[in-house]
Amino acid sequence: MSFKDKVAIVTGGGQGIGAEICRTFIKLGARVILADINPRSGAALARQLADRGDIQFFEVDVANEVAVAHLVEKTLKLYNRIDALVNNAAIAANRPLSELSLNDWQRVIDVNLTGPMLCAKHSQEALKVQQGSIVNIASTRALMSEAHTEAYSATKGGLVGLTHALAISLGPEIRVNCISPGWIDTQGVALSPADHEQHPAGHVGQACDIAEMVTYLCSEKAGFITGQNFIIDGGMTRKMIYA
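Conventions used here
- Residues numbered from 1 in each chain as written.
- Predicted model: local features only at pLDDT ≥ 70, side-chain atom pairs only at ≥ 80, totals over all residues.
- Heavy atoms only, no water.
- Helix = DSSP H or I, 4+ residues; strand = E, 2+ residues; numbered from the N terminus.
- Rg over C-alpha atoms; globule rule 2.2 N^0.38 Å.
- Areas by Shrake-Rupley, 256 points an atom, 1.4 Å probe, with all protein chains shown as cover.
- Patch = residues over 30% accessible without salt bridge, like charges linked within 9 Å, V, L, I, M, F, W, Y side chains within 5 Å.
- Salt bridge = Lys/Arg side-chain N within 4 Å of Asp/Glu carboxyl O.
- Pairing = 2+ DSSP bridges.
- Axes fitted to C-alpha atoms, helices over the stretch in contact; angles between N-to-C directions.
- Expected span 1.5 Å × (residues − 1).
- Contact = heavy atoms within 4.5 Å.

Regarding the overall build of the chain
Assigned secondary structure in the chain consists of 7 helices and 9 strands. Rg of the C-alpha trace for the chain: 17 Å, near the compact-globule value of 18 Å for 243 residues, within the 12% margin. Reported as C-alpha extents along the three principal axes, the dimensions of the chain are approximately 55 × 40 × 35 Å. Looking at the chain as shown, the accessible area adds up to about 11800 Å², and 52% of this sits on carbon and sulfur atoms.

This is how it looks when you write it as structure tokens:
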């Protein structure tokens with residue numbers, strides 16, 4: 001699988017799953033636009049990967065339509081094409097409902113749900129030319145919840161719905177799919193045997209598990225796949241748990 005000379009935009013690419021997605025695209029030969037609101041982590045990763053391939057960092061708030069439009073314009077000015085868009089940028093405001101302000105709720109919606117819509121809106125024409133692909137990074141929180149995750153869970157559920165809506169609206173030129181990760185270890189912290197053993201797969205997930213699926217879905221090998229949500233959680237959403 002090769003992405004030689006192809007261009008991928010990855011939002012929220014400065015750390016965690018997004019950073020691994022950038023690394024994987026670079027390894028496969030893609031030119032990567034790393035878009036992130038955090039200039040420190042975004043620029044640091046771009047410097048780290050610069051000797052492995054072509055990567056550019058742009059500081060972007062995906063909830064700002066003008067900023068998103070500029071991101072696409074700058075990408076096209078640099079490379080004159082967009083082949084893949086990965087909507088990974090997300091935030092949370094996990095607190096008791098009585099303490100969740102309207103401003104916090106709205107900001108989570110703006111970043112996690114409006115942001116992907118805006119990125120799709122402004123990149124669609126360029127993606128159509130290349131018969132490109134969009135991958136949205138949702139969460140198993142679209143299907144199941146912990147307490148005090150109303151804003152985050154609502155946006156991830158909305159992102160799954162946005163995925164199939166975009167697939168119908170933008171197809172057949174653009175394929176649109178979604179990945180819902182479960183517990184993914186992005187910090188490299190010490191995990192207990194119980195953490196791993198509770199997963200039917202026998203272990204907590206790694207960021208590479210998500211990145212490999214992203215690049216597959218953006219490749220020609222996935223040409224008959226669109227409008228789908230792929231749950232990558234080591235089987236946890238299939239496990240019945242009784243205390």
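Picking up after the structure, the text goes on.
Regarding a nonpolar patch on the surface
Taken together, the side chains of Leu 143, Met 144 and Ile 231 define a hydrophobic patch exposed on the protein surface, amounting to about 250 Å² of accessible area. Locating Met 144 in the fold gives a position in the loop between strand E5 (133-137) and helix H5 (150-170).

With respect to the sheet that holds strand E6 (residues 175-181)
The 7 strands lie next to each other as E3-E2-E1-E4-E5-E6-E9, forming an open sheet whose pairing is parallel. Two strands lie at the open edges of the sheet, namely strand E3 (55-59) and strand E9 (229-232), each paired on one side alone. Mean inter-strand twist for the sheet, computed between neighbouring axes without regard to direction, equals 15°. Bridging between E5 and E6 involves 5 bridges; their strand directions are parallel.

Quick look at H5
Its 21 residues give H5 an end-to-end C-alpha distance of 29 Å, which sits within 8% of 30 Å, the value for a rise of 1.5 Å per residue. For H5, the secondary structure elements touched by its buried residues are helix H4 (102-129), E5, E6 and E9.

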